Amino acid sequence: MKMSGSEEVIASSDTLTKPLFREITAEDYDPEITEMESLCMNCEKQGITRIFLTKIPFFREVIVSSFACDYCGNKNAELQPGGTIQDRGVAYKLNVTKTKDLNRQVVKTEHAVVKIPKLDFEISAGKSCITTIEGVINNAIEGLEQQQEQRKMEHPDVALRIEEFVKKLQELKLAQEPFQFILDDPSGNSFLENPHAPNKDPELVVAHYARTRQQDLELGIPEETESAPNNQVIGQDDGEGFNSQNEVLNFQTNCPRCGSPCDTHMKVVNIPHFKEVVIMATNCDKCGHRDNEVKSAGGIEELGQRMELIINTQEDLSRDVLKSELATLSIPELDFEMEMGTLGGKFTTIEGLLMDVKNQLKDLNPFLQGDSTEAQVNEKLKNFCQNVEDILSCKRQGTRFVLDDPSGNSFIQSLCAPDPDPQLNITRYTRTWEQNEALGLNDMKTENYEEH
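The shown structure was predicted, so the numbers you read here are calculated from the model rather than taken from an experiment. Every residue gets a number counted from 1 within its own chain, in the order that chain's sequence is written. Totals for whole chains, interfaces and linings use every residue, but because this is a predicted model, local features are given only for residues with pLDDT of at least 70 and side-chain atom pairs only at 80 or more, for both listing and counting. Side-chain measures here rest on the full set of heavy atoms in the structure, leaving out hydrogens and waters.

**Some details on the environment of A281**
In this fold, A281 is placed in strand β15 (residues 276-283). Among the residues examined, A281 registers a relative accessible area of 30% and is labelled partly exposed. With 13 residues separating them along the chain, A281 and V294 place their C-alpha atoms 8.8 Å apart. If we skip the residues at most four places from it in the chain, A281 touches D263, T264, H265, D291 and N292. Numbering of helices and strands runs from the N terminus; a helix is a DSSP stretch of H or I covering at least four residues, while a strand is a stretch of E covering at least two. Working definition: with a 1.4 Å probe on protein chains only, accessible area under 20% of the residue-type maximum means buried, over 50% means exposed, and in between means partly exposed. Only heavy atoms enter the contact rule, under which two residues are in contact if any of them lie within 4.5 Å.

Rendered as structure tokens:
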């Protein structure tokens, strides 16, 4: 069928608006499967490789590829991750005390390692999967029981020890005695469900950490190279009229939601009574995703900073707030705490940050949606969102908004600056060893360091 010129323009326009990674739906008549010739490793003739970019619900973007050779009949299929590696690794430590804890959902990437210290047991990095804690244990049991009959005949002592260890794994599923479940992922893309969300789980500890150089190499991250002369400061006038304070830089990135190429705009902004920050805004024309992120233009401060604001009026909700990616947010009256790294860096208002928290929990969290979610969790989430709405409408007054940043790079606007603000309490403190570890400061060696 031949299309007219206007129909061709419409078709090309529809193609441009489609995201790079799309969910498989019945309405998508053109899934855009890429076909190419490639060498068959079996008969060394040309076969066909098909590549499809898609999304796995509740998980992430993946690249599905298949190969078929018409000459020898050789076929192969594999799945590779298509998402990005996070800036920091993540480690989940859960104390399993009851059988209900075994039903927590687990997203494990191919880079993640699972540990059960009680049994001195470790599942090394391997295949990606979406399962539960009980499912992880069952998969481990199935793997150990493979070829067990043959092992009994050839190596009976080894088979006996494996049987004894499998019994210990079976006992873990009864949860008669507490044990610790650790999920450690240097890529930062794994996840362990918190059924108490949006409240903090006292049995679950989430830690974000700086990767080692060896971990970066294992993830395929190349070493950083110096792109500017050693004596040139980034953002300084280079003699050609560039000034970071007056210029907006544009560069190509991939959309964090659909993976399509898009533009990111970056500018250095000086916040009064604080410091310079770098604001980056991303707008995707394919899926409509819009996002902004803020990073400090300086280094980590010598002391951490805790800011507590009492919200009473609409004027308090209109205060500017800078939340760095390392800051934690808590609302004691709602028994709510947001871990380090959640929502990334933000430069917005108190009202805008609370709206982002509500939207993240209500609309963007796949583990709190669908018919598989427990009614109790849905009711708790509904009550929390209503309490946030009461704060935004000033029906609920005297609520404490606490921003704790161990790097000291967060900021809440003072309405009385430079004089003290009676509603804003700022405390500077010395970081703990754990906080320095999360910031990667414990591994920094400054002895005999010379500046060139």
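**With respect to the sheet that holds strand β16 (residues 290-296)**
The strand order β13-β14-β15-β16 describes an open sheet built from 4 strands, whose pairing is antiparallel. Lying at the two open borders of the sheet, with one neighbouring strand each, are β13 (249-254) and β16. Neighbouring strand axes in the sheet, compared pairwise and without regard to direction, differ in orientation by 25° on average. Two strands are said to pair when DSSP picks up at least two bridges between them. A fitted line through C-alpha atoms represents every axis, and for helices the fit uses only the stretch in contact; the resulting angles, taken between N-to-C directions, go from 0 to 180 degrees.

**Thoughts on the confidence of the model for the chain**
When the pLDDT values of the chain are averaged, the result is 81; 83% of them are 70 or greater. Every residue carries a pLDDT, the predictor's confidence in it, which falls somewhere between 0 and 100. Contacts for the low-pLDDT stretch residues 1-16, under 50 throughout, to residues beyond four places or in other chains number 5 contacts. This model gives residues 226-238 a pLDDT under 50, and the stretch forms 5 contacts once residues within four places in sequence are excluded.

**Some thoughts on the pattern of salt bridges**
In the sections that follow, a salt bridge refers to a side-chain nitrogen of Lys or Arg positioned within 4 Å of a carboxyl oxygen of Asp or Glu. Within the structure shown, the criterion is met by 16 salt bridges. Between R319 and D316 there is a salt bridge, with the nearest N and O atoms lying 3.3 Å from each other. A residue is classified by how much of its surface remains accessible, and R319, at 1% relative accessible area, is buried. Given a relative accessible area of 2%, D316 falls into the buried group. Between K358 and E389 there is a salt bridge, with the nearest N and O atoms lying 2.2 Å from each other. Taken as a pair, K358 in helix α7 (residues 350-362) and E389 in helix α8 (residues 375-392) lie far apart in primary sequence, 31 residues in all. Residue E389 is classed as partly exposed on the basis of its relative accessible area of 33%. Connected through shared salt-bridge partners, K98, D101, R104 and D201 make up one network.

**Things to note about the sheet that holds strand β5 (residues 89-96)**
With antiparallel pairing, 5 strands are arranged side by side in an open sheet as β8-β7-β10-β5-β12. Of all strands in the sheet, those bounded by a partner on one side alone are β8 (121-123) and β12 (204-209). Strand-to-strand twist of the sheet, defined as the mean angle between neighbouring strand axes without regard to direction, takes the value 15°. Sheet topology note: the strand β7 (residues 113-116)/β8 ladder contains 3 bridges and is antiparallel. Residue K115 lies in a different strand from β8, and its bridge partner there is E122.

**A few points about unusual backbone geometry**
Located in the positive-phi region is E44, a residue other than glycine, with phi close to 60°. Tracing the backbone shows E44 in the loop between β1 (34-39) and β2 (46-55). For E44, a relative accessible area of 64% gives the class exposed. A positive phi angle, close to 55°, is found at Q147, a residue other than glycine. Along the chain, Q147 turns up in the loop between α2 (133-145) and α3 (148-154).

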